[in-house]
Amino acid sequence: MALPVATPLERGPEANVSVLLPVLPLRAFDYSVPSGMDVAPGQFVRAPLGSRSVVGVVWGSGSADIPQDRVRPIIAQLGLPPMPSELRELIDWVARYYVAPLGAVLRMAMSVPSAFDPPKSRKAYIDQGTRPERLTPQRARVFEVLSDGKARFAGDIAEAARVTLGVVRGLVNSGYLGVSPTNSISEDLNCNPDYVPPVLSELQRRAAAKLCDSIKADRFLVQLLDGVTGSGKTEVYFEAIAETLRVGRQALVLLPEIALSAQWLAHFESRFGVRPTVWHSELTTVRRRENWRSVSSGQASLVVGARSALFLPFARLGLIVVDEEHDTSYKQEDGVLYNARDVAVMRGSLSKSPVVLVSATPSLESHNNANLGRYRRISLRQRYGHASLPDIKVVDMRIAPPARGRWLSPTLETAIRSTLDRGEQAMLFLNRRGYAPLSLCRSCGFRLHCSNCTTWLVEHRLAGLMRCHHCGYSQSLPEHCPECKAEASLVACGPGVERVAEELVRIMPKVTLKVMTSDTVASVKNAENLVKEMLENRIDVLIGTQIVTKGYHFPNLTLVGVVDADLGLSGGDLRAAERSMQLLAQVSGRAGRAERPGKVMLQTYMSNHPVIQALSKGDRDGFLGAELAARDASKMPPFVRLAAIIISSPNEAAARGIAADIARVGPSGSAIEVFGPAPAPIYQQRGRFRYRLLIKAPRPDPLQDIIQNWLATVSWPGYVSVRVDIDPYSFM
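If you're wondering where the values come from, they're calculated on a predicted model, not measured in any experiment.

Q: With reference to specific residues and values, describe the pairing of strand 25 (residues 557-562).
A: For strand 25, the buried fraction is high: six of the six residues fall into the buried class. As judged from the five bridges shared by strand 17 (residues 425-429) and strand 25, these two strands associate in the parallel manner. Counted as the bridge partner of Ala426 is Leu559 from strand 25. Where strand 25 lies against strand 26 (residues 599-604), four bridges are found, and the strand directions are parallel. Within strand 26, the residue paired with Val560 across the bridge is Val600.

Q: Report on the side chain of Gln425, specifying residues and quantitative values.
A: Structurally, Gln425 can be placed in strand 17. Judged by relative accessible area, which is 3%, Gln425 ranks as buried. When residues no more than four places from it in sequence are discounted, the contact partners of Gln425 are Thr419, Met534, Asn537, Ile539, Asp540, Asn556, Leu557, Thr558 and Leu559.

Q: Give a detailed account of the sheet that holds strand 19 (residues 458-460), specifying residues and quantitative values.
A: Spatial strand order, 19-20-21: three strands in an open sheet with antiparallel pairing. Each end of this open sheet is capped by a strand with a single partner; those strands are strand 19 and strand 21 (474-476). For this sheet, the mean inter-axis angle between neighbouring strands, taken without regard to orientation, is 30 degrees. Of the pairings in the sheet, the one linking strand 20 (residues 465-467) to strand 21 comprises three bridges and is antiparallel in character. Each residue of the ladder has a partner; that of Met466, found in strand 21, is Gln475.

Q: Break down the packing of aromatic side chains for me, citing the residues and quoting the values.
A: To describe a pair of aromatic rings, you give the distance between the ring centres and the angle between the ring planes. In the structure shown here, the tally under the stated rule is 16 aromatic pairs. Measuring from ring centre to ring centre gives 4.9 Å for Trp93 and Tyr97, while their planes differ by 15 degrees; the resulting arrangement is stacked. Of this pair, Trp93 and Tyr97 are both found in helix 1 (residues 85-97), four residues apart, which corresponds to roughly one turn of the helix. You can call Trp93 buried: its relative accessible area is 17%. Taken together, a centroid distance of 5.1 Å and an interplanar angle of 70 degrees make the contact between Phe116 and Trp292 edge-to-face. Of this pair, Phe116 sits in the loop between helix 2 (102-109) and strand 6 (124-127) while Trp292 sits in helix 9 (residues 285-297); the two residues are 176 residues apart in sequence, bridging distant segments of the chain. Comparing Phe116 with Trp292 shows no difference in burial state: the two are buried. Here the aromatic cluster, defined as three or more aromatic residues joined through ring pairs, consists of Tyr237, Phe238, Trp264, Phe268 and Phe272. Just above the ring of Phe143 sits the side chain of Arg131; from NZ or CZ to the centre is 3.9 Å.

Q: So, helix 13 (residues 497-507): which residues are in play, and what are the values?
A: Burial of helix 13 is extensive: eight of the 11 residues sit out of reach of the surface. Within the span of helix 13, buried status applies to Val497, Glu498, Arg499, Val500, Ala501, Glu503, Leu504 and Ile507. Considering only its buried residues, helix 13 is in contact with helix 12 (410-421), strand 17, strand 19, strand 22 (490-493), strand 23 (513-516) and strand 24 (541-544).

Q: Help me get a handle on the nonpolar core, residues and values and all.
A: Core analysis: the biggest nonpolar cluster contains 114 residues, and Phe44, Tyr237, Ile241, Trp264, Phe311, Ile645 and Ile662 have the highest contact counts within it. With seven residues, the top contributor of residues to this core is helix 7 (residues 233-246).

Q: Describe the sheet that holds strand 23, naming the residues involved and giving the relevant values.
A: The parallel open sheet is built from six strands, whose spatial order is 16-26-25-17-24-23. Pairing within the sheet leaves two strands with one partner each, and these edge strands are strand 16 (391-396) and strand 23. Looking at each pair of strands side by side, their axes are set apart by 20 degrees on average, direction ignored. Contacts from helix 12 reach strand 16, strand 17, strand 24, strand 25 and strand 26, with the element oriented near 165 degrees to strand 25. Together, strand 16, strand 17, strand 25 and strand 26 form the strand contacts of helix 15 (residues 576-588), whose direction differs from that of strand 17 by roughly 165 degrees.

Q: So what's going on with the environment of Ser616? Which residues, and what values?
A: For Ser616, the position within the fold is in helix 16 (residues 610-617). The exposure class assigned to Ser616 is partly exposed, which follows from its relative accessible area of 30%. As a C-alpha pair, Ser616 and Asp573 span 43 residues in sequence and 23 Å in three-dimensional space. Here Gln613 takes part through its backbone oxygen, which lies 2.9 Å from a polar atom of the side chain of Ser616.

Q: Describe the pattern of salt bridges, and please don't skip the residues or the numbers.
A: Scanning the model with the defined rule gives 35 salt bridges in all. Asp117 is the partner of Arg46 in a salt bridge, and the nearest nitrogen-oxygen pair spans 3.7 Å. On the criterion of sequence distance, the pair formed by Arg46 in strand 3 (residues 44-49) and Asp117 in the loop between helix 2 and strand 6 is long-range, its members being 71 residues apart. A residue is classified by how much of its surface remains accessible, and Asp117, at 35% relative accessible area, is partly exposed. The partner of Arg641 in a salt bridge is Asp727, with the nearest N and O atoms 3.5 Å apart. One end of the pair, Arg641, is in strand 27 (residues 640-649); the other, Asp727, is in the segment after strand 30 (721-726), with 86 residues separating them in the sequence. Given the relative accessible area of 6%, Arg641 is considered buried. We classify Asp727 as buried; its relative accessible area is 16%. Connected via shared salt-bridge partners are Asp226, Arg377, Arg381, Arg620 and Asp621.

Q: Can you tell me about helix 18 (residues 652-664), naming the residues and giving the values?
A: Residues separated by three or four positions in an α-helix point in the same direction, a consequence of the helix having 3.6 residues per turn. Along its 13 residues, helix 18 runs 18 Å from first to last C-alpha, staying within 8% of the 18 Å computed at 1.5 Å per residue. The set of residues buried in helix 18 consists of Ala654, Ala655, Ile658, Ala659 and Ile662. Each buried residue of helix 18 lies within a common arc of 130 degrees when the element is viewed along its axis, so the set occupies one face. In this structure, the buried residues of helix 18 make contact with strand 27, strand 28 (673-685), strand 29 (688-698), helix 19 (703-711) and strand 30. The N-cap residue of helix 18 is Asn651: its side-chain oxygen and the backbone nitrogen of Ala653 are 3.0 Å apart.

Q: Now, about the packing of helix 15 against helix 16: what can you tell me, with residues and values included?
A: Helix packing geometry: the angle between the two helix axes and the distance between the axes. Viewed as axis vectors pointing N to C, helix 15 and helix 16 meet at an angle of 30 degrees, and their least axial separation amounts to 10 Å. As the angle between them shows, helix 15 and helix 16 are arranged roughly parallel. The way helix 15 lies across helix 16 gives a crossing that is right-handed. For the pair helix 15 and helix 16, contact is made by Ala577, Ser580, Met581, Leu584 and Ala585 and by Val611, Ile612, Ala614 and Leu615, respectively.

Q: Report on the state of the cysteines, specifying residues and quantitative values.
A: Applying the stated criterion across every chain yields a total of zero disulfides. The cysteine Cys468 is free of any disulfide, with Cys450 supplying the nearest cysteine sulfur at 3.7 Å. Cys484 takes part in no disulfide bond, and the closest cysteine sulfur, belonging to Cys444, lies 3.7 Å away. For Cys484, a relative accessible area of 33% translates into the label partly exposed.

Conventions we followed
- Residues numbered from 1 in each chain as written.
- Predicted model: local features only at pLDDT ≥ 70, side-chain atom pairs only at ≥ 80, totals over all residues.
- Heavy atoms only, no water.
- Buried < 20%, exposed > 50% of the residue type's maximum accessible area, 1.4 Å probe, protein only.
- Helix = DSSP H or I, 4+ residues; strand = E, 2+ residues; numbered from the N terminus.
- Pairing = 2+ DSSP bridges.
- Contact = heavy atoms within 4.5 Å.
- Axes fitted to C-alpha atoms, helices over the stretch in contact; angles between N-to-C directions.
- Phe/Tyr/Trp six-rings, centres within 6.5 Å; stacked < 30°, edge-to-face > 60°.
- Lys NZ or Arg CZ within 6 Å of the ring centre and 35° of its normal.
- Core = buried A, V, L, I, M, F, W, Y, C linked by side-chain atoms within 4.5 Å.
- Polar contact = N/O pair within 3.5 Å; in protein donor to acceptor, adjacent residues only side chain to side chain.
- Salt bridge = Lys/Arg side-chain N within 4 Å of Asp/Glu carboxyl O.
- Expected span 1.5 Å × (residues − 1).
- Arc of directions from axis to C-beta.
- Parallel < 35°, antiparallel > 145°, perpendicular 65-115°, else oblique.
- Left-handed = near helix turned anticlockwise from the far one by under 90°.
- Disulfide = S-S within 2.5 Å.

Here it is in structure tokens:
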């Protein structure tokens with residue numbers, strides 16, 4: 001399939017073009033086109049902006065509103081494929097829908113400035129065939145990576161061998177690695193759709209056939225692949241990827257935690273013969289540049305990435321898969337506030353590509369859209385092979401409480417011992433990082449809090465620090481109370497995962513355990529090592545927060561214990577019950593995924609809560625139906641639209657005053673309801689004071705236009721920030 005070609009603009013001799021730059025203004029700028037230069041929409045150009053030279057994108061014809069003698073000329077046209085028209089349309093749509101500056105959205109699609117510079121000469125290295133006398137395990141892995149005879153760049157060798165760049169450079173300087181004669185590499189980015197055909201169950205085959213039919217139809221369609229944990233959903237959508245590759249188009253897979261995707265990447269490589277092109281924040285600048293260019297040229301046939309991968313310049317996009325589509329990490333909470341799941345659906349619509357949303361616990365919005373026929377539901381209600389769904393037991397902590405000062409009930413403790421005695425593995429889940437969520441003084445009651453945020457500091461005993469999980473502030477553990485100066489008076493209140501680990505070691509001294517949180521598994525390399533240890537049965541008990549729910553498959557893991565199943569069930573969050581159901585169901589799904597049966601134990605003081613009851617009875621659909629009915633009765637999403645306006649400033653009075661000004665001129669006389677302004681639940685965050693307004697509107701109302709016109713009547717100084725959050729997920 002040929003790559004898209006930009007069509008030159010029809011311009012008169014004095015006509016200008018508009019160029020969109022990745023800066024904050026809401027509009028494109030007019031520029032003149034030098035004689036002899038032909039430009040077309042989508043082409044990348046370098047243009048002057050003040051005293052700077054900035055790379056931008058030709059967006060269309062000029063406005064003709066500026067005197068010609070004030071219009072500056074384009075500096076240069078870059079030799080890159082033009083930005084595809086569907087990506088330009090997506091940028092326009094995201095800016096309109098999420099009420100965001102157009103240039104800020106473009107910046108997400110131009111996030112690799114070096115991609116627009118001429119390529120630099122780089123050295124590729126090969127194995128010279130000799131070995132050092134001292135062959136360390138790190139050096140051995142380097143030689144193993146180069147054993148296929150292919151030349152590789154130093155950074156890629158280090159990444160593949162899981163060593164530092166210094167190890168590779170040491171071998172180069174010692175003469176064991178030499179520069180390739182061609183000084184270049186030809187990386188194989190083309191996945192083989194028939195490399196190792198999978199063995200599918202009959203249920204999987206029928207589901208895969210439906211997905212493949214949508215690829216062959218070459219039209220936009222949203223499909224919800226709704227399958228229980230362990231049903232083999234990944235193998236099913238791999239078949240859709242294979243069909244996409246066969247018809248010569250590119251595929252995109254979004255994962256909620258790309259840095260923790262070691263198992264997924266290995267699974268993909270065993271199916272398609274090569275590792276896919278990856279896209280996430282941990283990549284080096286050089287790798288991001290090369291991946292961006294390979295996507296733009298069409299060389300990369302499959303990309304797996306975080307939400308930002310939606311804004312890559314795919315040359316011939318043919319399929320989008322959103323794995324774990326319910327995951328809240330798809331909602332961007334900084335910069336442009338967008339939901340990657342919804343943007344994926346729009347990108348599929350613009351590129352006329354099928355979109356597959358994948359989950360064992362679909363979001364209420366996707367579940368409702370499938371019920372209404374807007375999405376096609378494809379169900380997998382059985383686990384693959386001989387595996388069965390785990391038995392879920394509710395441990396009522398009012399009846400079987402733990403001993404004083406402990407957090408594991410006798411029932412769960414006994415189950416852990418029995419599991420380990422059988423040579424199997426267990427997982428304990430508690431969605432609290434650190435040792436304790438709160439530390440207070442037993443003498444005066446003072447609570448240690450963050451100096452930048454209205455939140456408590458969390459004790460991380462292993463690191464010897466108190467940390468704020470909102471701004472990143474940290475301090476050492478104080479020896480006395482900062483308020484009353486009492487010595488050794490600070491008491492840890494409540495459990496975090498570190499405290500649960502401490503308790504388990506105290507009662508089972510010989511247990512081998514690991515703690516898995518975003519603090520302890522912060523990179524792809526860390527995740528790979530931990531997964532390997534689990535698969536090799538070198539860990540008896542894995543204790544973790546919500547990242548342990550992200551699709552991991554550990555065949556010998558048969559017991560999951562939820563330390564505090566009530567965490568998240570209370571409070572005023574609209575989505576509290578839905579999120580808790582998803583989180584607990586996902587972590588429960590880690591148990592018994594192979595031949596050995598699994599068991600899940602939910603420790604709770606709220607055994608009659610609808611979420612706990614639905615989990616214990618396996619009645620997910622009943623819960624979702626009841627939750628939809630409750631949302632409908634209370635006029636909440638997905639039956640109405642919500643938006644938030646967040647006002648923040650380091651000046652408390654200014655934030656409060658601008659919030660009042662905005663509320664004073666709000667829409668009236670319509671079905672739109674405005675609540676607030678009110679101090680945000682986290683009133684101070686990163687040193688800024690915050691107020692919120694919440695807007696509720698019927699679905700047909702043009703909510704974005706109303707908000708834009710509303711805010712246009714108010715002005716505020718530069719040290720005050722006013723942001724709009726369409727379809728908010730967080731109310732903090």
